[in-house]
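Overview (structure and organization)
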Amino acid sequence: MSENYTNRGEYRTYKMLRQLDKRFPEDKFHIFANLYIDSDDNRFPNRQVDHLVVCRKGIFMIETKYWTGAVYHNIKLADLLRMVGVGKDGSMDGLYLVKRLLPKEVMQQGTESFTMCIKNPDNIQVYAGDENPINQVVLFGLSLNRLIQNKLNQLGIKPYIHEFVFYNYVSEDPDNKVIDLHNVLDQPYDDDFNKWGEGFSKPALFRSFYSEVHEKLPDWLGLTDEQVNAIARLIHETVVLD
């Protein structure tokens, strides 16, 4: 794996993963960076993800966003309309405000989820479809699962892939923040994987979460050393190709 990074956010994620590896050596980290799946099926496009970790505590897929500004994670147009009072007591006054202040891409989303980053009134970015960070990492997870599932079944291994968006820009400026309207980020540990949420808004919260995973995850929900090595070897053979 190359350790030569030009993206500061991805480099900081890599450093954090290495720190976790050193702190919990018994978890047997295998860290893969900038993985790319080249699809030979026209129904499924090529996919890329920033980091993938295989360890005793499971498989963790991480899409890093080193974004400044106010980031609205995985929202819908209806969320913004509710925030400005559209529909409340029959009022539609806020709709004019949204149309005037936000780019037309927001109004075009309809019922689809998207992530929005507001750096200033003249620089508002909308990430929808495959560009929505949570969609990016989930779709890579599906592509990876499709690629290696049969071989894992032959080995009798059925791991759970945890897919996270990681917003790792750290700033004391109140204008730089991640807004989580649906409370799906920074969730505490739970034995139910479905309650782990969609990612983290700060590095400290990610580190704290993994510490909980290390301490509390039952062995039967994790992987053995042999399974970790088998999965890592399979990823090297089918994705990294080295």
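The structure contained in this document is the topic of the report that follows. (Residues numbered from 1 in each chain as written. Predicted model: local features only at pLDDT ≥ 70, side-chain atom pairs only at ≥ 80, totals over all residues. Heavy atoms only, no water.)

Some points on the packing of aromatic side chains
Enumeration according to the criterion identifies 18 aromatic pairs in this entry. Seen in terms of ring centroids, Phe164 and Phe206 are 6.1 Å apart; in terms of plane orientation they differ by 80°. Their pairing is edge-to-face. One end of the pair, Phe164, is in strand β7 (residues 161-167); the other, Phe206, is in helix α6 (residues 203-216), and 42 residues separate them in sequence. (Phe/Tyr/Trp six-rings, centres within 6.5 Å; stacked < 30°, edge-to-face > 60°. Helix = DSSP H or I, 4+ residues; strand = E, 2+ residues; numbered from the N terminus.)

Considerations on the sheet that holds strand β1 (residues 30-37)
Read from one edge to the other, the open sheet built from five strands follows the order β1-β2-β3-β7-β9, with strand pairing classed as mixed. Each having just a single partner strand, β1 and β9 (199-200) make up the two edges of the open sheet. Sheet analysis places strand β2 (residues 47-55) next to strand β3 (residues 58-65), joined by five bridges and oriented antiparallel. In the sheet register, His51 faces β3, and the bridge partner there is Ile62. Contacts from helix α7 (residues 225-240) reach β1, β2 and β3, with the element oriented near 30° to β1. (Pairing = 2+ DSSP bridges. Contact = heavy atoms within 4.5 Å. Axes fitted to C-alpha atoms, helices over the stretch in contact; angles between N-to-C directions.)

A word on α7
Of the residues making up α7, those classed as buried are Val228, Ala230, Ile231, Ala232, Leu234, Ile235, Thr238 and Val239. Elements that come into contact with the buried residues of α7 comprise β1, β2, β3 and α5 (133-155). (Buried < 20%, exposed > 50% of the residue type's maximum accessible area, 1.4 Å probe, protein only.)

Some points on the nonpolar core
Grouped together as the largest cluster of nonpolar side chains are 30 residues, with contacts concentrated most on Leu35, Leu52, Val54, Met61, Leu144, Ile231 and Ile235. Sorting the residues of this core by element identifies β1, β2, β3, α5, β7 and α7 as the ones contributing at least two each. Ranked by the residues each element gives to this core, the list is headed by α7, at seven residues. The contact partners of Met61, leaving out residues within four places of it in the chain, are Val49, His51, Leu52, Val137, Phe140, Gly141, Leu144, Ile161, His162, Glu163 and Phe164. Membership of the second largest hydrophobic core comes to 23 residues, among which are Met16, Leu17, Phe60 and Phe193. (Core = buried A, V, L, I, M, F, W, Y, C linked by side-chain atoms within 4.5 Å.)

Some words on the pairing of strand β5 (residues 114-120)
Pairing geometry for strand β4 (residues 70-75) and β5, over four bridges, is antiparallel. Each bridged residue has a counterpart across the sheet, and for Tyr72 the counterpart in β5 is Met116. In this structure, β5 lies alongside strand β6 (residues 123-128), joined through six bridges in antiparallel fashion. Residue Asn120 lies in a different strand from β6, and its bridge partner there is Asn123. In sequence, β5 turns back onto β6 through a hairpin of two residues.

Overview of unusual backbone geometry
For residues that are not glycine, phi is negative in most cases, and the peptide bond is trans in most cases. Despite not being glycine, Lys28 shows a phi value in the positive range, around 60°. Its location among the elements puts Lys28 in the loop between α1 (8-23) and β1. Not every positive phi belongs to a glycine, and Asp186 is a case in point at roughly 55°. Summarising the element assignment, Asp186 is placed in the loop between β8 (177-179) and β9.

Focus: the sheet that holds β5
Strand order in the open sheet formed by four strands is β6-β5-β4-β8, with mixed pairing between adjacent strands. Single-partner strands in this sheet number two, and they are β6 and β8. Along the sheet, successive strands turn relative to each other by an average axial angle of 15°, direction set aside. Direction of pairing for β4 relative to β8: parallel, over a ladder of three bridges. Directly across from Tyr72, in β8, lies its bridge partner Ile179.

That is the geometry; function is a separate question.
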